[in-house]
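# Fold and contact review
These are the residues of each chain, in order.
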Amino acid sequence: MRTKTFSLAAVLLAGSFALSVPAFAQEADDKPFDGLYVGGTVGFDAQPNDRGSTVLFDRNLDGQFGDTVLTSTGSNAFAATAAQPGAGFCNGRATSTGLLTGCTNDKDNISYSGRIGFDKQFNHVVVGLVGEFGKSEVRDSVSAFSTTPASYTLTRKVDYNANIRARAGYAFDKTLFYATGGGAYAKVNSTFETTNTANAFATSGKKDAWGYVAGGGIEQKLGRHFSIGLEYLYNQYKDGDYRVRATQGTAPATNPFVLAPNTAGTDFARSDRFFRWHSVRATAQFRF
């Protein structure tokens, strides 16, 4: 009798435990977007149309850009003429000495990053912070073409970028819709190319660019610890410190960049001082 009683108690205890496990699991995951997570992203970055972007000149080195570079005959060295119709500017990279014969578009490309974040879920509302470190492969150029003829190209790329941003959203069971935004940093690599072999050129400027990112996305929980998502971010960095100074080199004193009375040289700068792009990326997270 005692044996039967013990066996019945064991069966009831086992059944009770079996029924309690799913309930406990459900209760433990009633906040699927709560806690610490790590993950990564991979996507594609595309730049907005920067039509009208040009190279600006500071002819008397007073720090004010917008001067006209004049030739010894008083004409604009960067304005098209009947003899040199290829002079002017393009919002891309020069592939020849003339605007009409060669200028490529800016390069859109992939991006990738690692991330770590923390969310707190209050019923359906989710708030949190996320930090990322990664790299975008976009390239942005602007070119000037002189009547010489010669080309002058300023190009910038991203060595790496990082951001820390807030995130807030609304969860429907295991699906989260969210908005996000915050401060961002990029190490920008700027370069200069020219077909002008007479003048001498020196570059200067900071590589540190600060800005912000903002956007939104959707995250889908696939299991207790794993989720995937799709995210859009708008990226903007202030990058207006890069300068190129043209001095005489082996050019004659009648060269437009050193023409009297401003014989010390001419500074070049971009007209567009912001580096911008759109990011669409897939995300994957492991939640602890």
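Data block above holds the structure.
We now turn to the structure provided with this report. (Residues numbered from 1 in each chain as written. Predicted model: local features only at pLDDT ≥ 70, side-chain atom pairs only at ≥ 80, totals over all residues. Heavy atoms only, no water.)

This part covers the sheet that holds strand E2 (residues 55-58). Judged by pairing direction, the sheet is antiparallel, and its four strands sit side by side in the order E2-E15-E14-E11 without closing on themselves. Both edges of this open sheet fall to E2 and strand E11 (200-204), since each of them pairs with a single strand only. When the angles between neighbouring strand axes are averaged without regard to direction, this sheet yields 25°. Taken together, the four bridges between E2 and strand E15 (residues 266-270) define a ladder with antiparallel strand orientation. (Pairing = 2+ DSSP bridges. Helix = DSSP H or I, 4+ residues; strand = E, 2+ residues; numbered from the N terminus. Axes fitted to C-alpha atoms, helices over the stretch in contact; angles between N-to-C directions.)

Take the packing of aromatic side chains next. Enumeration over the complete set of coordinates arrives at 22 aromatic pairs. Here the aromatic rings of tyrosine 212 and tyrosine 234 are separated by 6.2 Å at their centres, their planes lie at 50°, and the arrangement is tilted. Here tyrosine 212 is found in strand E12 (residues 208-221), whereas its partner tyrosine 234 is found in strand E13 (residues 226-238), with 22 residues between them in sequence. Look at phenylalanine 257 and phenylalanine 268: their rings are 5.4 Å apart centre to centre, the planes differ by 50°, and that puts the pair in the tilted class. Within this pair, whereas phenylalanine 257 is found in the loop between strand E14 (243-247) and E15, its partner phenylalanine 268 is found in strand E15, the two being separated by eleven residues in sequence. For phenylalanine 268, a relative accessible area of 0% translates into the label buried. An aromatic cluster of at least three residues, connected via ring pairs, comprises Phe57, Phe78, Phe89, Tyr152, Phe192, Phe201, Phe257 and Phe268. (Phe/Tyr/Trp six-rings, centres within 6.5 Å; stacked < 30°, edge-to-face > 60°. Buried < 20%, exposed > 50% of the residue type's maximum accessible area, 1.4 Å probe, protein only.)

Turning to the side chain of threonine 283, a few remarks are in order. Mapped onto the secondary structure, threonine 283 falls in strand E16 (residues 274-287). A distance of 3.2 Å separates the side chain of threonine 283 from the side chain of glutamine 285, its partner in a polar contact. With sequence-adjacent residues up to four places away left out, threonine 283 is seen in contact with Gly40, Thr41, Arg115, Ser227, Ile228, Gly229, Leu230 and Glu231. (Polar contact = N/O pair within 3.5 Å; in protein donor to acceptor, adjacent residues only side chain to side chain. Contact = heavy atoms within 4.5 Å.)

Let us now look at the state of the cysteines. As enumerated under the stated definition, the model contains one disulfide in all. Covalently, cysteine 90 is tied to cysteine 103 through a disulfide, its sulfur atoms 1.8 Å apart. Measuring the twist about the S-S bond at about 75°, one finds the cysteine 90-cysteine 103 disulfide to be right-handed. Residue cysteine 90 is found in strand E3 (residues 88-90), and its partner cysteine 103 is found in strand E5 (residues 103-104); the two are separated by 13 residues along the sequence. The buried category is assigned to cysteine 90, whose relative accessible area is 7%. With relative accessibility at 30%, the residue cysteine 103 sits in the partly exposed group. (Disulfide = S-S within 2.5 Å.)

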